[in-house]
Amino acid sequence: MKQYDITASVCVYQPDELSADDQQLVRAAMEATRTSYAPYSRFCVGAAARLADGQVVTGSNQENAAFPSGLCAERTALFAANAQHPDTPVVALAIAAFTQGHFLSDPISPCGACRQVILEVEDRYGQPIRILLYGTEGVHVVDSVKALLPLYFVSASMK
Ligand code: THU
């Protein structure tokens, strides 16, 4: 038997320790929670994608009475960014969650399906996406979704 370990590095910043661009992206994700349509969970998630040319595209979770028909904030933002700017890579993604009148102290991390979609976007443009998870106690940052998705499956896995 052989064993190997998979590790990930997460940096936790106070907002004022982030670059101006990253602070702006986190604020955009926080703002985007206000556009959430979450009548069932009352859990409002916002996401903001920064493109290589500096443009920011936001999204929020959009729920549905037929629950599986809804979509998370991360995928809403990324699909919108890719649909509107197919030739411009996504370089960073910020995520924030607001419920019961406040932002969460511990950040949420993207669900499995969103991780897989973020990975596809990294693969598509051939560059990592910096992910910023906002919590009131700190912003947790990873340099690529690969830190959140060990043993991932991408197009190259089929070769
Ligand atoms: N949700 C997101 O939008 N992003 C996440 O990272 C986790 C969960 C949404 C889906 C659903 O509308 C609500 O939050 C509760 O799960």
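These remarks concern the structure in this document.

About the criteria used
Residues numbered from 1 in each chain as written. Predicted model: local features only at pLDDT ≥ 70, side-chain atom pairs only at ≥ 80, totals over all residues. Heavy atoms only, no water. Helix = DSSP H or I, 4+ residues; strand = E, 2+ residues; numbered from the N terminus. Polar contact = N/O pair within 3.5 Å; in protein donor to acceptor, adjacent residues only side chain to side chain. Near = heavy atom within 4 Å. Areas by Shrake-Rupley, 256 points an atom, 1.4 Å probe, with all protein chains shown as cover. Nonpolar A, V, L, I, M, F, W, Y, C, P; charged D, E, K, R; others polar. Phe/Tyr/Trp six-rings, centres within 6.5 Å; stacked < 30°, edge-to-face > 60°. Buried < 20%, exposed > 50% of the residue type's maximum accessible area, 1.4 Å probe, protein only.

### A short note on the environment of Asp5
Its place among the elements puts Asp5 in the segment before strand 1 (11-13). Engagement of the side chain of Asp5 in a polar contact is seen with the side chain of Gln3, the distance being 3.5 Å.

### Details of the site of the ligand
Taken together, Ser41, Phe43, Val45, Asn61, Glu63, Cys72, Ala73, Glu74, Ile108, Ser109, Pro110 and Cys111 make up the full set of residues adjacent to the ligand. Glu63 places a polar side-chain atom, nitrogen or oxygen, 2.5 Å from an oxygen atom of the ligand. Protein contacts shield 74% of the accessible area of the ligand, which totals 370 Å² for the unbound molecule. Looking at the shell around the ligand, its residues break down into seven nonpolar, three polar and two charged.

### Notes on the packing of aromatic side chains
Aromatic ring pairs: the centre-centre distance and the angle between the two ring planes describe each pair. Here the structure, examined in full by the defined rule, presents three aromatic pairs. With centroids separated by 5.7 Å and ring planes inclined at 85°, the aromatic side chains of Phe103 and Tyr134 adopt a geometry described as edge-to-face. On the criterion of sequence distance, the pair formed by Phe103 in strand 5 (residues 102-103) and Tyr134 in strand 6 (residues 130-135) is long-range, its members being 31 residues apart. By relative accessible area, which is 12% here, Tyr134 ends up buried. Ring-pair connections join several aromatic residues into one group, and the members of that group are Phe98, Phe103 and Tyr134.

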